[in-house]
Amino acid sequence: MQFVEYPDREMMMLDLADTLTGELADCLRRHDSATFCVPGGTTPGPIFDVMSEQALDWSRVAVLLNDERWVDEDSPRSNTALLRKRLLISKASEAMLIPLFKAGAAPEDAMEELAAGLDGHLPISVLLLGMGADMHTASLFPGADNLDAALSDGAPRVMPMRADGAGETRITLTAPVLNDAMSKHIVITGPEKRAAFERAMHLPPAEAPVRAVAQGATIHWAE
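Keep in mind it's a predicted model, so treat the numbers as computed, not measured. (Residues numbered from 1 in each chain as written. Predicted model: local features only at pLDDT ≥ 70, side-chain atom pairs only at ≥ 80, totals over all residues. Heavy atoms only, no water.)

Brief notes about the sheet that holds strand β7 (residues 158–161)
By definition, the strands of a sheet pair up through backbone hydrogen bonds, in either a parallel or an antiparallel sense.
Then step 1. Pairing is antiparallel in the open sheet, where three strands are placed in the order β4-β8-β7. This sheet does not close on itself; its edge strands, each paired only once, are β4 (67–69) and β7. Each strand axis lies, on average, 20 degrees off the axis of its neighbour in the sheet, ignoring direction.
Then step 2. Summarising the sheet, β4 and strand β8 (residues 170–173) pair through three bridges and their orientation is antiparallel. Bridging from a neighbouring strand, Glu 68 pairs with Ile 171 of β8. (Pairing = 2+ DSSP bridges. Helix = DSSP H or I, 4+ residues; strand = E, 2+ residues; numbered from the N terminus. Axes fitted to C-alpha atoms, helices over the stretch in contact; angles between N-to-C directions.)

Below you can see the structure in the form of structure tokens.
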């Protein structure tokens, strides 16, 4: 695990966008395609803004969310909608989006179909994760109903997740899928989250799920 500290958030976002783009380009030089797995929320927006303009062969890139809220795309809470507005535009509009939501279905009823949608796109080539102040990452929340199963070595690719701090029901990639990524990055901002991450490294994954995926990752932090 490597910890990289930046003097400010703008520099971190620019540098990280350059790093991720470079890793995707390197993957495409060696393989026919690449899978880019990203978080939702507001933190990665500036990274997406920069990456969407990069001269990458986006037609060979599949974009996949770490997790999704079980809401329609017209909801302001939809991570998919955020991707369409911030990443899958301009040059990156040629990328393929792999869905983690199915309209009109209950989460449990859609798991098999959504998991099958990952066929041919795993392992993840380049993974970007975020982290909450509660030490959750993706939708692996402390105290979530399916957390133990999602952290286990035998976990399926995707699982529904419900937790007090999650709001809506979520669907999340599980720890084995995240840990199989060829390159892992975690982006965090602010002193509260830095303290939470440092605390997480001394707690079991059931209490601090980010610890389950931190090994081998590069941690990017700016105040």
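With respect to the pattern of salt bridges
Then step 1. In the structure shown here, the tally under the stated rule is 14 salt bridges.
Then step 2. A salt bridge links Glu 5 to Arg 194, with the nearest nitrogen and oxygen atoms 2.9 Å apart. Within this pair, whereas Glu 5 is found in strand β1 (residues 2–6), its partner Arg 194 is found in helix α7 (residues 191–200), the two being separated by 189 residues in sequence.
Then step 3. Across the pair Asp 49 and Arg 86 runs a salt bridge, and its minimum N-O distance is 2.7 Å. Here Asp 49, found in helix α2 (residues 45–51), pairs with Arg 86, found in helix α3 (residues 79–86); they are 37 residues apart in sequence, far enough to count as distant.
Then step 4. Look at the salt bridges and you will find they share partners, linking Glu 5, Arg 194 and Glu 198 into a network. (Salt bridge = Lys/Arg side-chain N within 4 Å of Asp/Glu carboxyl O.)

What about the packing of aromatic side chains?
Then step 1. Scanning the model with the defined rule gives two aromatic pairs in all.
Then step 2. With a centroid separation of 6.5 Å and an interplanar angle of 45 degrees, the aromatic rings of Phe 3 and Phe 197 are classed as tilted. Taken together, the residues span a long stretch of sequence, with Phe 3 in strand β1 and Phe 197 in helix α7 at a distance of 194 residues.
Then step 3. An angle of 65 degrees between the planes, with centres 4.8 Å apart, marks the rings of Trp 70 and Phe 101 as edge-to-face. With Trp 70 in the loop between β4 and α3 and Phe 101 in the loop between β5 (96–98) and α4 (107–116), this pair connects stretches of sequence that are 31 residues apart. The exposure classification of Trp 70 matches that of Phe 101, with both residues buried.
Then step 4. The ring of Trp 221 has Arg 194 sitting right over it, with the charged end atom 4.6 Å from the ring centre. (Phe/Tyr/Trp six-rings, centres within 6.5 Å; stacked < 30°, edge-to-face > 60°. Buried < 20%, exposed > 50% of the residue type's maximum accessible area, 1.4 Å probe, protein only. Lys NZ or Arg CZ within 6 Å of the ring centre and 35° of its normal.)

A closer look at the side chain of Thr 80
Then step 1. Among the secondary structure elements, Thr 80 is positioned in helix α3.
Then step 2. With relative accessibility at 8%, the residue Thr 80 sits in the buried group.
Then step 3. The contacts of Thr 80, once residues within four sequence positions are left out, are Leu 65, Glu 68, Glu 73 and Leu 97. (Contact = heavy atoms within 4.5 Å.)

Digging into the sheet that holds strand β3 (residues 61–65)
Then step 1. Within the open sheet, the seven strands sit side by side as β1-β10-β9-β6-β2-β3-β5. Their pairing is parallel. Where the open sheet ends on each side, the last strands, each with one partner, are β1 and β5. With direction set aside, neighbouring strand axes in the sheet form an average angle of 20 degrees.
Then step 2. Bridging between strand β2 (residues 34–38) and strand β6 (residues 126–129) involves two bridges; their strand directions are parallel. Residue Phe 36 lies in a different strand from β6, and its bridge partner there is Val 126.
Then step 3. On top of the sheet, helix α1 (residues 9–30) reaches β1, β2, β3, β6, β9 (184–189) and β10 (218–222); it is set at about 170 degrees to β9, its chief contact.

Focus: α7
Then step 1. Within α7, the full set of buried residues consists of Ala 196, Phe 197 and Ala 200. Across the axial projection of α7, the buried residues extend over an arc of 100 degrees, all falling on one side.
Then step 2. In this fold, the buried residues of α7 make contact with β1, β9, α8 (211–214) and β10. (Arc of directions from axis to C-beta.)

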